[in-house]
Amino acid sequence: MTREEFVKLLGDFTHSAETGDGARFAQHFAEDGIYYDYIYGPHKGRADIAHMMQDLFHRDATDYRWEMFDPVFDGSMGYVWSLSSFTSTIPQFNGKRVVIDGMSRFVVRDGLIAEYRESVNGGVAMAQLGVEPERMAKVFKRWTGWLTERPETQDYLARPKGSRATAKF
């Protein structure tokens, strides 16, 4: 895949997410692709990814927008900065508008997304919603678990300070 094809993929990917068409969104992924969402957790395979987008995210939000900027792509891995926004439909936060800035990593295989990860400051989103501090603390603990349990995090923590993982170029 070229950088230009990656940029086209990003446009199609975000447009599909905005429309809430889970099946269309999931078609951007390999059959065994994984989407790591910072709210809903990991989703593997097209059916699960479609469910996450259509039945979870678009259940909880409306007026969704997502734009990606400054793409960097090396033929198999890409990074972008993004802005996204939505209006909550969750009863206790109904009508509250949220804007999020984040970074995304795409691993691409055969023109499809094999793995998607995002890094956003979810605390900023929760503050915009007016989430109570006690609930935020519970969510932050869950996110901490997701981070510390990842194999790459475990590998990083197991290495002594000053050592480095072998770079994968």
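Definitions and limits used
Residues numbered from 1 in each chain as written. Predicted model: local features only at pLDDT ≥ 70, side-chain atom pairs only at ≥ 80, totals over all residues. Heavy atoms only, no water. Helix = DSSP H or I, 4+ residues; strand = E, 2+ residues; numbered from the N terminus. Rg over C-alpha atoms; globule rule 2.2 N^0.38 Å. Buried < 20%, exposed > 50% of the residue type's maximum accessible area, 1.4 Å probe, protein only. Contact = heavy atoms within 4.5 Å. Polar contact = N/O pair within 3.5 Å; in protein donor to acceptor, adjacent residues only side chain to side chain. Pairing = 2+ DSSP bridges. Axes fitted to C-alpha atoms, helices over the stretch in contact; angles between N-to-C directions. Salt bridge = Lys/Arg side-chain N within 4 Å of Asp/Glu carboxyl O.

Colleague: Explain the overall build of the protein chain to me, and be specific about the residues and the numbers.
Modeller: The number of helices and strands found in the protein chain is 6 helices and 6 strands. Helices and strands in the protein chain line up, N terminus first, as α-α-β-β-α-β-β-β-β-α-α-α. In terms of overall size, the protein chain behaves like a compact globule, its C-alpha atoms giving a radius of gyration of 17 Å where 169 residues would be expected to give roughly 15 Å. Dimensions of the protein chain, computed from the C-alpha atoms along their principal axes, are close to 45 × 40 × 30 Å. Within the protein chain, the proportion of its 169 residues that are buried is 40%.

Colleague: Describe the environment of D63, naming the residues involved and giving the relevant values.
Modeller: With respect to the helices, strands and loops of the structure, D63 is situated in strand β3 (residues 61–73). Residues contacting D63, with those up to four places away along its chain left out, are S85, F86, T87 and R97.

Colleague: Talk me through the side chain of T87; I want residue IDs and the actual numbers.
Modeller: Here T87 lies in strand β4 (residues 77–88). A relative accessible area of 15% places T87 in the buried class. Within the structure, T87 has its side chain in polar contact with the side chain of R97 (distance 3.2 Å). Dropping the residues within four chain positions of it, T87 is found in contact with D60, A61, T62, D63, G95, K96 and R97.

Colleague: Could you give me a rundown of the sheet that holds strand β2 (residues 41–44), with the residues and numbers involved?
Modeller: Strand pairing in a sheet relies on backbone hydrogen bonds. The paired strands run either parallel or antiparallel. Taken in spatial order, the 6 strands of this open sheet run β2-β1-β6-β5-β4-β3, and their pairing is mixed. Edge positions in the sheet fall to β2 and β3, since each of these pairs with one other strand and no more. Across the sheet, the axes of successive neighbouring strands diverge by a mean angle of 20°, strand direction being ignored. One ladder, built from 9 bridges, connects β3 with β4; its direction is antiparallel. Bridge pairing in β4 links E67 to L83. Against the sheet, helix α3 (residues 46–60) makes contact with β1 (29–37), β2, β3, β4 and β6 (112–120), and its axis sits at roughly 35° relative to β1, the strand it touches most.

Colleague: I'd like to hear about the pattern of salt bridges, residue by residue, with values.
Modeller: Throughout the structure, instances matching the rule amount to 11 salt bridges. Salt-bridge contacts for E115 lead to R105; the nearest nitrogen and oxygen are separated by 2.3 Å. Remark: R105 occurs in strand β5 (residues 97–109) and E115 occurs in strand β6; sequence separation between them is 10 residues. Exposure remark for E115: the relative accessible area of 18% places this residue in the buried category. Looking at R105, the relative accessible area reads 24%, which means it is partly exposed. A salt bridge links R117 to E152, with the shortest nitrogen-to-oxygen separation between them at 3.3 Å. Placement of R117 in strand β6 and of E152 in helix α6 (residues 151–158) is noted, with a sequence separation of 35 residues between them. On the accessibility criterion, R117 (13% relative accessible area) is buried.

Colleague: Just give me the short version of the environment of S84, but keep the residues and values in it.
Modeller: Note on placement: S84 falls in strand β4. Separated by 18 residues in the primary sequence, S84 and W66 have C-alpha atoms spaced 4.2 Å apart. Leaving out residues up to four positions away in the same chain, S84 has contacts with Y64, R65, W66, V98, V99 and I100.

All quantities given are derived from atomic positions and should not be read as evidence of function.
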